[in-house]
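# Observations on chain architecture
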Amino acid sequence: DTGSAAAVPIDPRFDIAYVTPVTIGTPPQTLQLDFDTGSSDLWVFSSHTPTSQIRGQEIYTPDKSTTSKLLDGHTWSITYGDGSASRGNVYTDNFTVGGLAVASQAIQCAQQVSSSFTTEESIDGLLGLGFSTLNTVNPASQLTFFDNAKSKLGSPVFTADLKNKQAGTYDFGFIDKAKYTGEITYVPVNPDPGYWTFTSSGYAVGSGNFSGSPITGIADTGTSLVYLPTAIVTAYYRQVQGATNSRNYGGYVFPCSATLPPFTFGVGETKFTIPASYMSYAPVTDGSSTCFGGLQSSSGIGVNIWGDVALKAAFVVFNGANPPTLGWATK
Ligand SMILES: O[C@H]1CN[C@@H](c2nc(-c3ccc(C(F)(F)F)cc3)no2)C1
């Protein structure tokens, strides 16, 4: 079997996050979920979410599904990198993504979501595509959609073809040659503790020379920006007139009129260039002439993160074979 579904930016102006349609239950209930390779919980706004915490999101109502089953006594609780959080109870039900079906997928129903989830009206929940070891369900952790679907897939892979300010695609079970150019460079993945962790072969700022120092980090579709070591980030913004590291805005900002250099990163022998246009993320507040950079320092996080700003510049194969690997191709 295979599956293929669109990854749609939640805001036409800035690629804050992408959502993908899924169906849950019988008859099918359609929700738009944020696919996140940096976590491994599948959770949804639901009939168990207090109405005061719902603002326009679609919800899953297990009682309206003839195939839903309560996973008695199981609970979950998760906190994301930006401090957003949710928690609740668990059902199993039929679940599909782009025509690929899994029976008895664990569906974590929110009984509490933080304010940032409430105000993000376009996100009805998250679908974790990290390794199942990260799943937070107690007393028994649950498998991700990908782990449940693997046995049905021709090839145990999914691919991310995220795009700048337009809809891209998540494919499951196959590698679409029409989506990339050249060869796919595969690199090892360390699945411990549960992220798609790989090592980049180096970087270059603009037309500067390539620095071949290894950069270990995670491929994270749920993170908007790229977070790298401070030395790399300062080298980048040294080339941006008027750039400053703003305590007020929590990162590097610059005049939206500034000329930005592209940023190149290496995977094996292949080089990926993030165009300058991707490196300006958004005005710090609506209408401001000060812009927030798409590249920020990872020093406060503890891990380097290759988020959407980088992933948009490539076609990425998440290979769930044993051992797992990551494939990168230009497009
Ligand atoms: O935890 C790491 C795992 N991947 C990263 C991630 N972060 C979110 C997220 C989505 C939506 C929101 C909200 F809607 F604004 F609340 C907040 C965070 N999804 O994946 C960070």
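Residues numbered from 1 in each chain as written. Predicted model: local features only at pLDDT ≥ 70, side-chain atom pairs only at ≥ 80, totals over all residues. Heavy atoms only, no water.

All right, on to the sheet that holds strand β20 (residues 280-283) then. One open sheet holds the four strands; their spatial order is β16-β17-β21-β20, and the pairing between them is antiparallel. At either margin of the open sheet sits one strand with a lone partner, and together these are β16 (244-246) and β20. Between one strand and the next, the sheet's axes are offset by a mean angle of 45°, whatever the strand orientation. Relative to strand β17 (residues 251-255), β16 runs antiparallel, the two being bridged by three bridges. From the neighbouring strand, Thr244 faces β17, where its bridge partner is Val253. (Pairing = 2+ DSSP bridges. Helix = DSSP H or I, 4+ residues; strand = E, 2+ residues; numbered from the N terminus. Axes fitted to C-alpha atoms, helices over the stretch in contact; angles between N-to-C directions.)

This part takes up the state of the cysteines. For the structure on display, the rule yields one disulfide. Put simply, Cys256 and Cys291 are joined by a disulfide, and their sulfur atoms are 2.1 Å apart. Every disulfide takes its handedness from the sign of the S-S torsion; for Cys256 and Cys291 that torsion is 105°, giving right-handed. Taken as a pair, Cys256 in the loop between β17 and β18 (263-267) and Cys291 in strand β21 (residues 290-293) lie far apart in primary sequence, 35 residues in all. Of the residues examined, Cys256 reaches a relative accessible area of 30% and is grouped as partly exposed. By relative accessible area, which is 6% here, Cys291 ends up buried. (Disulfide = S-S within 2.5 Å. Buried < 20%, exposed > 50% of the residue type's maximum accessible area, 1.4 Å probe, protein only.)

This part is about the environment of Asp11. Relative to the elements of secondary structure, Asp11 occurs in the loop between β1 (3-9) and β2 (18-24). For Asp11, a relative accessible area of 11% gives the class buried. Residues Asp11 and Gln166, 155 residues apart in the sequence, show an inter-C-alpha distance of 9.7 Å. Among the polar contacts listed, one links the side chain of Asp11 to the backbone nitrogen of Arg13, at a separation of 2.6 Å. (Polar contact = N/O pair within 3.5 Å; in protein donor to acceptor, adjacent residues only side chain to side chain.)

Right, let's get into the pairing of strand β19 (residues 270-274). Here β19 shows a buried face lined by Thr270, Phe272 and Ile274 and an unburied face lined by Lys271 and Thr273. With five bridges joining them, β18 and β19 adopt antiparallel strand pairing. Across the sheet, residue Gly266 finds its bridge partner in β19, namely Lys271. Hairpin geometry of β18 and β19 is characterised by an intervening segment of two residues between the two adjacent antiparallel strands and by a positive phi of about 60° at Gly268.

On to the sheet that holds β18, then. Strand-to-strand pairing in sheets goes through backbone hydrogen bonds, with the strands running parallel or antiparallel. Spatially, the three strands line up as an open sheet ordered β13-β18-β19, and their pairing is antiparallel. Sheet topology places β13 (202-205) and β19 at the edges, where each strand pairs with a single neighbour. Each strand axis lies, on average, 20° off the axis of its neighbour in the sheet, ignoring direction. Note: β13 against β18, four bridges, orientation antiparallel. When the sheet's bridge partners are listed, Tyr203 is paired in β18 with Phe265.

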